[in-house]
Amino acid sequence: MADILNWVDIGPLEGIPVQGARTLQTASDRIAVFRTLDNQVFALLDRCPHKQGPLSQGIVHGHFVTCPLHNMVFSLETGLAQGADDGCAAKIETRLENGMVRVGLTPSQMAKPNAQ
């Protein structure tokens, strides 16, 4: 059964650099939100499944991002590794509505962290 998504506004498209990313910290995850040259928006968990590299610091090219730690390339559309590499960066649903970027968060991502 798929998780029910809570759609959260994270700001205007212009707040994300072209061919770059910004990050969003949730209760359980850090999410990298990418903007491509053609102004499409994609999001992945901000960690490479291979060496946990911060994908938000990777190079965005076309609809792909290259991990800054070891050059593994991931599809922004699916999260799947490209070429001979194997693995998948978890994809986060996104929407672009009236120039505003929205991400779909699961209930666990929305939960407030326990107070320490």
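Described in the following lines is the structure provided in the data block. (Residues numbered from 1 in each chain as written. Predicted model: local features only at pLDDT ≥ 70, side-chain atom pairs only at ≥ 80, totals over all residues. Heavy atoms only, no water.)

### So, the packing of aromatic side chains
Applicable threshold: Stacked, tilted and edge-to-face are the three classes assigned to paired rings of Phe, Tyr and Trp, where Trp is represented by its six-membered ring and a pair needs centres within 6.5 Å; plane angles under 30 degrees give stacked, over 60 edge-to-face, the rest tilted. Charges are assigned to positions over rings by a cutoff of 6 Å between ring centre and Lys NZ or Arg CZ, combined with an angular limit of 35 degrees from the ring normal.
Inspection of every chain in the model, using the stated rule, returns zero aromatic pairs. Over the ring of tryptophan 7 we find arginine 95; its NZ or CZ atom is 3.8 Å from the centre of that ring.

### Focus on the sheet that holds strand β10 (residues 100-105)
How we decide: Between any two strands, pairing holds if DSSP finds at least two bridges. Starting at the N terminus, helices and strands are each numbered in turn, a helix being any DSSP run of H or I of at least four residues and a strand any DSSP run of E of at least two. To define axes, lines are fitted to C-alpha atoms, for helices over the stretch in contact only, and angles between the resulting N-to-C directions are given on a 0 to 180 degree scale.
Read across the sheet, three strands follow the order β1-β10-β9 without closing on themselves; strand pairing throughout is antiparallel. Looking along the sheet, the strands with just one partner apiece sit at the ends: β1 (6-12) and β9 (94-97). Neighbouring strand axes in the sheet, compared pairwise and without regard to direction, differ in orientation by 30 degrees on average.

### A closer look at the sheet that holds strand β4 (residues 41-45)
Ordered in space as β2-β3-β4-β8, the four strands form an open sheet in which the pairing is antiparallel. Single-partner strands in this sheet number two, and they are β2 (20-25) and β8 (91-92). The sheet contact formed by β2 and strand β3 (residues 30-35) spans six bridges and is antiparallel. Of the residues in β3, the one forming a bridge with leucine 24 is isoleucine 31.

### Focus on the side chain of arginine 35
As a reminder, the rule being used: Exposure categories follow from relative accessible area, calculated using a 1.4 Å probe and restricted to protein chains: below 20% of the type maximum is buried, above 50% is exposed, and the middle band is partly exposed. Charged-residue counts in this description rest on Lys and Arg as positive and Asp and Glu as negative, His and the chain ends being excluded. Whenever Lys or Arg places a side-chain nitrogen within 4 Å of a carboxyl oxygen from Asp or Glu, that contact is recorded as a salt bridge. Identification of polar contacts relies on pairs of N or O atoms within 3.5 Å, with a donor-acceptor requirement for protein atoms, meaning one able to donate a hydrogen and the other able to accept it, and with residues adjacent in sequence counted only if both atoms are side-chain atoms. Contact between two residues is taken to exist if any of their heavy atoms lie within 4.5 Å; hydrogens are not considered.
Looking at the secondary structure, you find arginine 35 in strand β3. Among buried charged residues, arginine 35 stands out as having no salt bridge; its nearest opposite-charge side chain is glutamate 14, 5.1 Å away. A polar contact of 2.9 Å, which involves the side chain of arginine 35, links it to the backbone oxygen of isoleucine 16. Reaching out from arginine 35, the side chain makes a polar contact with the side chain of asparagine 39 at a distance of 2.8 Å. Sequence-distant contacts of arginine 35, defined by excluding residues within four places in its chain, comprise Leu13, Glu14, Ile16, Pro17, Val18, Gln19, Gly20, Gln40 and Val60.

### Quick look at the pattern of salt bridges
Inspection of every chain in the model, using the stated rule, returns six salt bridges. A salt bridge links arginine 47 to aspartate 29; the shortest N-O distance between them is 4.0 Å. In this pair, arginine 47 is assigned in the loop between β4 and β5 (59-61) and aspartate 29 in the loop between β2 and β3, connecting sequence segments 18 residues apart. Judged by its relative accessible area of 36%, arginine 47 falls in the partly exposed class. Among the residues examined, aspartate 29 registers a relative accessible area of 13% and is labelled buried. A salt bridge links arginine 102 to glutamate 97; the nearest nitrogen and oxygen atoms lie 3.3 Å apart. Judged by relative accessible area, which is 34%, glutamate 97 ranks as partly exposed. One network of salt bridges, in which partners are shared, links Asp9, Arg95, Glu97 and Arg102.

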